[in-house]
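What follows is each chain in one-letter form.
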Amino acid sequence: MEKLSISDLHIILVEPSDTQRKIITTLLLKEKVREIDPVSTLSEAMSAVKAHGADLIVSAMYFEDGTALDLLKFIKESDEFKSIPSVSYTHLTLPTIYSV
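Everything quoted here is computed from the prediction, not taken from an experiment.

Caption draft 1: Structural detail: the nonpolar core. Counting residues in each nonpolar core, the largest one holds 18 residues, and the members touching the most others are I12, V14, V49, I57, L71, I75 and I84. Listed by contribution, the elements that provide at least two residues to this core are β1 (10-14), α2 (42-52), β3 (56-60) and α3 (68-76). Setting aside anything within four residues of it in sequence, one finds V14 in contact with V39, S40, T41, A45, I57, V58, S59, A60, F63, L71 and Y89.

Have a look at this one:
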C-alpha cells in the first residue's frame with residue numbers, strides 16, 4: 001500500500017450540517033490537506049466518488065437521503081472504489097448502553 005502524507009490526500013467530507021461542514025473543512029485545510037470535496041447528502045457523496053474518486057471518505061452517520069452504511073455499501077460493492085478507506089462519526093448516543 002502506498003503511503004500518503006496529509007498534503008497528498010483528497011478527502012470527500014460528507015456532513016449534512018452547513019456549520020459543521022465548514023468547520024471541518026477549515027480544520028482540514030489548516031492541516032494542509034490537498035483537496036476536500038465537502039458535500040451534504042448521500043447522493044452528492046456518491047456523485048463525488050464517481051467523478052473524482054478519493055483517498056479517504058470522512059462522513060457523518062446520517063444524511064437526509066441515507067446513512068454512512070449506504071455509502072459504505074456503495075463503495076465496497078464497486079471494484080473501482082472498494083479500496084477507498086472511510087471513517088464515519090455521529091454525535092448521537094444510546095443512553096441504554098451507558099446506564100448501569
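Caption draft 2: Structural detail: a negative patch on the surface. There is a patch of like negative charges on the surface, built from E44, E64, D65 and D70. The topology assignment puts D70 in helix α3. Overall, D70 belongs to the partly exposed group, its relative accessible area being 38%.

Caption draft 3: Focus on the packing of α2 against α3. Remark: α2 packs on α3, axes separated minimally by 10 Å, with the N-to-C direction vectors making an angle of 25°. The orientation of α2 relative to α3 falls into the category roughly parallel. Taken as a pair, α2 and α3 cross one another with a handedness that is right-handed. Here α2 contributes L42, A45, M46, V49 and K50 to the contact with α3, which in turn contributes D70, L71 and F74. Looking at side-chain class alone, the contact of α2 with α3 contains 6 nonpolar, no polar and 2 charged residues.

Conventions we followed
Residues numbered from 1 in each chain as written. Predicted model: local features only at pLDDT ≥ 70, side-chain atom pairs only at ≥ 80, totals over all residues. Heavy atoms only, no water. Core = buried A, V, L, I, M, F, W, Y, C linked by side-chain atoms within 4.5 Å. Buried < 20%, exposed > 50% of the residue type's maximum accessible area, 1.4 Å probe, protein only. Helix = DSSP H or I, 4+ residues; strand = E, 2+ residues; numbered from the N terminus. Contact = heavy atoms within 4.5 Å. Patch = residues over 30% accessible without salt bridge, like charges linked within 9 Å, V, L, I, M, F, W, Y side chains within 5 Å. Areas by Shrake-Rupley, 256 points an atom, 1.4 Å probe, with all protein chains shown as cover. Salt bridge = Lys/Arg side-chain N within 4 Å of Asp/Glu carboxyl O. Lys, Arg positive; Asp, Glu negative; His and termini not counted. Charge placed at Lys NZ, Arg CZ, Asp CG, Glu CD. Axes fitted to C-alpha atoms, helices over the stretch in contact; angles between N-to-C directions. Parallel < 35°, antiparallel > 145°, perpendicular 65-115°, else oblique. Left-handed = near helix turned anticlockwise from the far one by under 90°. Nonpolar A, V, L, I, M, F, W, Y, C, P; charged D, E, K, R; others polar.

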